[in-house]
Amino acid sequence: MESFKREIIDSHQLRVVSASKERKDYFLCHFQSEFFQEQLDFIWEKNHKSKGSITFAISKKGEAISLPQSPFGGFWIYEGLSSASLEAFILSVIGELKYRGIHTISLTQAPKPYEEQFDLINYLLFKSGFEQQKVLSHQFFIGKKKIKKHAQKESAKLNSKGSNLGLKVSHSSISNFGFLKEIRSWNAQKGYEVIIDENRIVQQVSEYPDRYFLITVSKNGDPVGYSLGVKLTSDSLYYFLSATNPKIPLKNGGELILNELFQLAVEQKVNFIDLGSSDLEDGANHSLMFFKSRFSNDICNKITWVKKINNG
């Protein structure tokens, strides 16, 4: 698709191109979703320099979503924008989507540790007619030096406990994907429904092998627990798809996995760890939030916004 530009106030321009043409730190922007006809980058520029962007998947039904099948999408600001410029960016995106016949815009804004202008973005989305559809609370551990200190403090104690139980925990790059079936099976046995698009994960790992790490807990040499650590951005580590074998009770299994995640974070020199949300269908998962509180020092909401557009 040909790119184009429109002049905006204060010499800013909106440029729209196929998402595959622009390489971004948040690599999930590059992966097309099965039920969407195209994926587009809306780039806010001044003097030919990118100031911010947002990626949308566009459906044949007239929906624009940022981003389906991803933890989040939303606006990314590369240099601090004034409130007026950021609002102009949002309104320009809305106008262009309306011009393309879109009737519903949906975006899940990345939490504040990923995007410093999170609060201003959410405020201006509200002022631009977006409505909150969903709110999830993510727990974080922030600070490179604090991560290292926490890892050093917990490591010896937890490894000693694990060793006494015949448990060993390690992390590695991903060479095969058999663990995905075990995660699915273990969660099913516990009554949890976890929707895993295995083909999509395989594709993402294949294209970005340096962003995915498998954490494995073994008992007497046999895997009994897994989790994925994903570098969604170069300075972060995301806790994803954790599961343990329900037929083999693991005392301290969750702690061992998270401790290994911290060791991985130190090794990768990231600035923060995202422990994800703790949600139940009918409310907050307080027991899981309490467990994660031992491994977090901050909390931030992930908000999904929706706007209906009248194209009449």
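Above: the structure in question.
Bear in mind the structure is a predicted one, so any value in this text is a computation, not a measurement.

> Help me understand helix α2 (residues 118–127) in this model?
Given 3.6 residues to a turn, an α-helix orients residues that are three or four positions apart in the same direction. Within α2 the residues assigned to the buried category are Phe 118, Ile 121, Asn 122, Leu 124 and Leu 125. All buried residues of α2 lie within an arc of 170° about the axis, which places them on one face of the element. Turned more than 90 degrees away from the buried face of α2 sit Phe 126 and Lys 127, all of them exposed. Of the surrounding secondary structure, the elements contacted by the buried residues of α2 are β6 (75–77), α1 (83–99), β7 (104–109) and β16 (298–308).

> Any chance you could explain the packing of α1 against α2 here in plain terms?
Angle between the axes and distance between the axes: these two values describe a pair of packed helices. One can describe the packing of α1 onto α2 by two numbers: an axis separation of 10 Å at closest approach and a directional angle of 55°. By the criterion of interaxial angle, the relationship of α1 to α2 is oblique. Between α1 and α2 the crossing geometry is right-handed. Across from Ser 83, Leu 86, Glu 87 and Ile 90 in α1, the residues of α2 making contact are Leu 120, Ile 121, Leu 124 and Leu 125.

> For this particular structure, what's the right way to read the packing of aromatic side chains?
Describing an aromatic ring pair means giving the distance of the ring centres and the angle of the ring planes. Under the counting rule described, the total for this entry stands at 21 aromatic pairs. On the numbers, 5.9 Å between centres and 65° between planes, the contact of Phe 140 with Phe 272 is edge-to-face. Taken together, the residues Phe 140 in strand β8 (residues 131–142) and Phe 272 in strand β13 (residues 272–277) connect sequence positions 132 residues apart. Relative to Phe 262, the ring of Phe 141 lies with its centre 5.1 Å away and its plane at 80°, an arrangement referred to as edge-to-face. Taken together, the residues span a long stretch of sequence, with Phe 141 in strand β8 and Phe 262 in helix α6 (residues 253–268) at a distance of 121 residues. By relative accessible area, Phe 262 is classed as buried at 0%.

Rules used in this analysis
- Residues numbered from 1 in each chain as written.
- Predicted model: local features only at pLDDT ≥ 70, side-chain atom pairs only at ≥ 80, totals over all residues.
- Heavy atoms only, no water.
- Buried < 20%, exposed > 50% of the residue type's maximum accessible area, 1.4 Å probe, protein only.
- Helix = DSSP H or I, 4+ residues; strand = E, 2+ residues; numbered from the N terminus.
- Arc of directions from axis to C-beta.
- Contact = heavy atoms within 4.5 Å.
- Axes fitted to C-alpha atoms, helices over the stretch in contact; angles between N-to-C directions.
- Parallel < 35°, antiparallel > 145°, perpendicular 65-115°, else oblique.
- Left-handed = near helix turned anticlockwise from the far one by under 90°.
- Phe/Tyr/Trp six-rings, centres within 6.5 Å; stacked < 30°, edge-to-face > 60°.

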